[in-house]
Amino acid sequence: CFPDTILKLAATRHQIDVVNDQRGSPTFTFDLADAIKRLCHSQAQGIVHCTNEGPCSWYDFAVEVVGQADLATVVRQTTSDKYVRPAERPKYSVLSLASLAPYGIKMPPWKQSLPKYFGERMG
């Protein structure tokens, strides 16, 4: 869970480095579960992409997590080549939400779902 990782790092460090060259769409599990339930009730078929609305880099996401958590940790930009990973990560993994439109499903922006995540985490 990326937000949990960022919060743990921010609790022990004055600054953290996060990659800014990979983009995706954060997804809050409760929003995803609600969309899946609605898709099931709609008897959806085929491939349907479902994420929260709005792309961001991991850096953007970390900055928002730290900011919404009201932490003083500095988040610095870095690049993927600074981290050795067992598998290469795609630079762009943003999914289109167009496949949700026929079912009348509109996912909330990820920035709006982040406070819900914090509420569930603390609750």
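Residues numbered from 1 in each chain as written. Predicted model: local features only at pLDDT ≥ 70, side-chain atom pairs only at ≥ 80, totals over all residues. Heavy atoms only, no water.

## Some thoughts on the packing of helix α1 (residues 2-12) against helix α4 (residues 110-122)
Now for step 1: Running from amino to carboxyl end, α1 crosses α4 at an angle of 70 degrees, the nearest separation of the two axes being 11 Å. With respect to each other, α1 and α4 are oriented roughly perpendicular. Touching P3, D4 and L7 of α1 are Y117, F118 and R121, all from α4.
Now for step 2: Across the contact of α1 with α4, the residue classes tally to four nonpolar, no polar and two charged. (Axes fitted to C-alpha atoms, helices over the stretch in contact; angles between N-to-C directions. Helix = DSSP H or I, 4+ residues; strand = E, 2+ residues; numbered from the N terminus. Parallel < 35°, antiparallel > 145°, perpendicular 65-115°, else oblique. Contact = heavy atoms within 4.5 Å. Nonpolar A, V, L, I, M, F, W, Y, C, P; charged D, E, K, R; others polar.)

## Observations regarding the nonpolar core
Now for step 1: Of all hydrophobic cores here, the largest spans 17 residues; its most connected members are I6, V18, F61, V65, V75, L114 and F118.
Now for step 2: For this core, the secondary structure elements donating two or more residues are α1, β1 (15-19), α3 (58-68) and α4.
Now for step 3: Looking at this core element by element, the count peaks at five residues for α3.
Now for step 4: The contacts of V75, once residues within four sequence positions are left out, are I16, V18, Y59, A62, V63 and V66.
Now for step 5: Membership of the second largest hydrophobic core comes to six residues, among which are A35, L39, C50 and L100. (Core = buried A, V, L, I, M, F, W, Y, C linked by side-chain atoms within 4.5 Å. Buried < 20%, exposed > 50% of the residue type's maximum accessible area, 1.4 Å probe, protein only.)

## Observations regarding the packing of aromatic side chains
Now for step 1: Scanning the model with the defined rule gives seven aromatic pairs in all.
Now for step 2: Three or more aromatic residues joined by ring pairs form one cluster here, namely F2, W58, F61 and W110. (Phe/Tyr/Trp six-rings, centres within 6.5 Å; stacked < 30°, edge-to-face > 60°.)

## Focus: the pattern of salt bridges
Two side chains of opposite charge can pair, provided their charged atoms sit close to one another.
Now for step 1: Enumeration according to the criterion identifies seven salt bridges in this entry.
Now for step 2: Among the salt bridges present, the one from K91 reaches D21, with a minimum N-O distance of 3.1 Å. A residue pair is termed long-range when its members are at least 10 positions apart, and K91 in the loop between β4 (74-78) and α4 and D21 in the loop between β1 and β2 (23-24) qualify at 70 residues.
Now for step 3: Residue classification places D21 among the partly exposed positions, given a relative accessible area of 24%.
Now for step 4: Among the ionic pairs, E64 bridges to K111, the shortest N-O distance being 4.0 Å. Linking E64 in helix α3 with K111 in helix α4, this pair joins segments that are 47 residues apart in sequence. (Salt bridge = Lys/Arg side-chain N within 4 Å of Asp/Glu carboxyl O.)

## What about the side chain of S113?
Now for step 1: With respect to the secondary-structure elements, S113 resides in helix α4.
Now for step 2: Since its relative accessible area comes to 1%, S113 is described here as buried.

## Notes on α4
Now for step 1: When the terminal C-alpha atoms of α4 are compared, their 18 Å separation across 13 residues agrees well with the 18 Å that a helix rising 1.5 Å per residue should span.
Now for step 2: For α4, the full list of buried residues reads W110, S113, L114, Y117 and F118. End-on view of α4: buried residues confined to an arc of 155 degrees, all on one side of the axis. Exposed and oriented more than 90 degrees from the buried face of α4 are Q112 and M122.
Now for step 3: Elements in contact with the buried residues of α4: α1, α2 (29-41), β3 (56-57) and α3. (Expected span 1.5 Å × (residues − 1). Arc of directions from axis to C-beta.)

## A closer look at α2
Because the α-helix completes a turn every 3.6 residues, residues three or four places apart line up on one side.
Now for step 1: For α2, with 13 residues, the first-to-last C-alpha span of 18 Å sits near the 18 Å given by 1.5 Å per residue.
Now for step 2: For α2, the full list of buried residues reads D31, A35 and L39. Projection of α2 onto a plane perpendicular to its axis shows the buried side chains occupying an angular sector of 75 degrees, all on one side. Among the exposed residues of α2, those oriented more than 90 degrees off its buried face are T29, C40 and H41.
Now for step 3: Packed against the buried residues of α2 are α4.

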